[in-house]
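# Architecture at a glance
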Amino acid sequence: MRIGIVVDSACDLPADFIREHNIVLLPITVRIGEAVLADHREEDATLNFLHTHVAERGAEAETIPYSVNQIRDLFLDHLVIDYDHVFCMTITKTRSPIHDNALQASFAILNEYRPIRQAAGHNSPFALRVIDTQNLFAAQAVTAVEAVRLRDEGASVAQMREQLEKLAGNVHGYMITRDLYYIRARGRHKGDRSVSLFSAALGSALDIKPVLHGYRGETAPVAKIKGFDNAVQQLFDFASRRVVHGLLTPVVCISYGGPLDELRALPGYAGLRDTCGAKGVQLLESVMSLTGMVNVGKGAVTIGFADEPHEFDA
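Everything numeric in this text was worked out from a predicted model, so none of it was measured.

Rules and cut-offs
- Residues numbered from 1 in each chain as written.
- Predicted model: local features only at pLDDT ≥ 70, side-chain atom pairs only at ≥ 80, totals over all residues.
- Heavy atoms only, no water.
- Helix = DSSP H or I, 4+ residues; strand = E, 2+ residues; numbered from the N terminus.
- Expected span 1.5 Å × (residues − 1).
- Bend = angle between axes of the 7 residues up to and from the residue.
- Contact = heavy atoms within 4.5 Å.
- Pairing = 2+ DSSP bridges.
- Axes fitted to C-alpha atoms, helices over the stretch in contact; angles between N-to-C directions.
- Core = buried A, V, L, I, M, F, W, Y, C linked by side-chain atoms within 4.5 Å.
- Buried < 20%, exposed > 50% of the residue type's maximum accessible area, 1.4 Å probe, protein only.
- Left-handed = near helix turned anticlockwise from the far one by under 90°.
- Nonpolar A, V, L, I, M, F, W, Y, C, P; charged D, E, K, R; others polar.
- Phe/Tyr/Trp six-rings, centres within 6.5 Å; stacked < 30°, edge-to-face > 60°.
- Salt bridge = Lys/Arg side-chain N within 4 Å of Asp/Glu carboxyl O.

### Observations concerning helix H4 (residues 98–119)
- Along its 22 residues, H4 runs 30 Å from first to last C-alpha, staying within 8% of the 32 Å computed at 1.5 Å per residue.
- At tyrosine 113, H4 shows its largest bend, some 50°, and a proline, proline 115, comes one to four positions later.
- As for H4, its buried residues are in contact with strand S1 (3–8), strand S2 (24–26), strand S3 (28–32), helix H3 (68–82), strand S6 (85–90) and strand S7 (127–132).

As structure tokens, this is what we get:
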């Protein structure tokens, strides 16, 4: 059984991890004015676009996910030949149409694949499963890493499906952004007025940074901490304590809206890295997707891990 793994480019995984494990991307295109870039998770291209366009006009960006027809064509042109079963894991459907596009495309794919596979010499059936990771950015990467682990260990399709769907409901994502004004401007551009001017001004004036928690498709603030560096340190310290307590899968994923050297210099990061190493937990760090950066701003931090229900305590 040849099992394929597909993610969208909002899934914050390192480029070398994607290449090493033959993960297929559904790229999301970002347009800012006349500048257009399809996000293939190439870190240099992402950082160059960040510095030349996102920093100044990112709040006005348009993000364009793969359409139903583009997903259908990708599968029928390549994936139904290269694989026997594909798991397609998307950003939470509460924040993006990618999941619904993939689900709609799956019906056409399953209706049309047979003559294509037969022409390529494959007479066995093809199947795919679209899974809503119920999370964003670094947190959605946790489910993809588990899919790789299960596939490498020889798990059956049924075992993978059960484990991945269960895991998606137990991944916790946390995020801290640097600029509440940016979040407000981005929200207004998209028609989301949940961050008011007053709260943005107050938070910026007092240097208060909310800690956002993504879980089961919902995102909400769970703490407000003074100072970005202080907030990040408390988040990393909290993650270290959860690692010591014991995670559901041995991985922590982190992404940063800028060069990774800046991430590694943040307070608390070295301690989290050492804790993960001591507990045999893989720490995967990546530059945040272009989609992520235009939505939450330059210099934001996201972290994800699978864990039992818990309360954030700084």
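Read on, since the account is not over.
### Points about the pairing of strand S10 (residues 218–226)
- Direction of pairing for strand S9 (residues 208–215) relative to S10: antiparallel, over a ladder of 8 bridges. The residue bridging proline 210 from the neighbouring strand is lysine 224, located in S10.
- The antiparallel hairpin formed by S9 and S10 contains 2 residues in its connecting segment, where arginine 216 sits at a positive phi of about 55°.

### Describing the sheet that holds S2
- Strand order in the open sheet formed by 4 strands is S2-S1-S6-S7, with parallel pairing between adjacent strands. Sheet topology places S2 and S7 at the edges, where each strand pairs with a single neighbour. Averaged over all adjacent pairs, the angle separating strand axes in this sheet is 20°, with direction ignored.
- Pairing between S1 and S2: 3 bridges, direction parallel. Residue valine 6 lies in a different strand from S2, and its bridge partner there is valine 24.
- Here H4 sits on the sheet and contacts S1, S2, S6 and S7; the angle it forms with S7, its principal contact strand, is near 170°.
- Along the sheet, helix H5 (residues 138–152) makes contact with S1 and S6, crossing S1 at roughly 170°.

### Some words on the nonpolar core
- The biggest cluster of nonpolar side chains holds 73 residues, and the ones touching the most others in it are Phe75, Phe236, Val252 and Ile303.
- In terms of residue count, the dominant contributor to this core is helix H9 (residues 228–245) (8 residues).
- Not counting the four nearest positions on each side in its chain, isoleucine 303 is found in contact with Ala138, His172, Gly173, Tyr174, Leu235, Phe236, Ala239, Val252, Cys253, Ile254 and Leu272.
- Among the nonpolar cores identified, the runner-up in size contains 31 residues, and Phe87, Met89, Val148 and Ala306 belong to it.

### Re the packing of H3 against H4
- Taken N-terminus to C-terminus, the directions of H3 and H4 make an angle of 35°; their axes are 8 Å apart at the nearest point. Handedness of the H3/H4 crossing: right-handed. Along the contact surface, H3 presents Val68, Ile71, Arg72, Phe75, Leu76, Val80 and Ile81, while H4 presents Asn101, Ala102, Gln104, Ala105, Ala108, Ile109, Glu112, Tyr113, Ile116 and Arg117.
- Across the contact of H3 with H4, the residue classes break down as 12 nonpolar, 2 polar and 3 charged.

### Looking at the packing of aromatic side chains
- In total, this model carries 7 aromatic pairs according to the counting rule given.
- Taking the centre distance of 5.6 Å and the plane angle of 75° together, the rings of tyrosine 174 and phenylalanine 238 count as edge-to-face. Residue tyrosine 174 is found in strand S8 (residues 171–176), and its partner phenylalanine 238 is found in helix H9; the two are separated by 64 residues along the sequence. Accessibility assignment for this pair places tyrosine 174 and phenylalanine 238 in one class, buried.

### Description of the pattern of salt bridges
- Enumeration over the complete set of coordinates arrives at 17 salt bridges.
- For arginine 72, the salt bridge goes to glutamate 112, with nearest N and O atoms at 2.7 Å. Here the residue arginine 72 occupies a position in helix H3, and glutamate 112 occupies one in helix H4, the gap between them amounting to 40 residues.
- By relative accessible area, which is 31% here, glutamate 112 ends up partly exposed.
- Glutamate 153 is paired through a salt bridge with arginine 149; the nearest N and O atoms lie 3.0 Å apart.

### So, the sheet that holds S3
- Pairing is antiparallel across the open sheet formed by 3 strands, whose spatial order is S4-S3-S5. Of all the strands in the sheet, the pair left with one neighbour each is strand S4 (35–39) and strand S5 (62–64). When the angles between neighbouring strand axes are averaged without regard to direction, this sheet yields 20°.
- Where S3 and S4 come together, 5 bridges link them in antiparallel fashion. Across the sheet, residue isoleucine 32 finds its bridge partner in S4, namely alanine 35.

Functional significance is not addressed by these values, which are geometric in nature.
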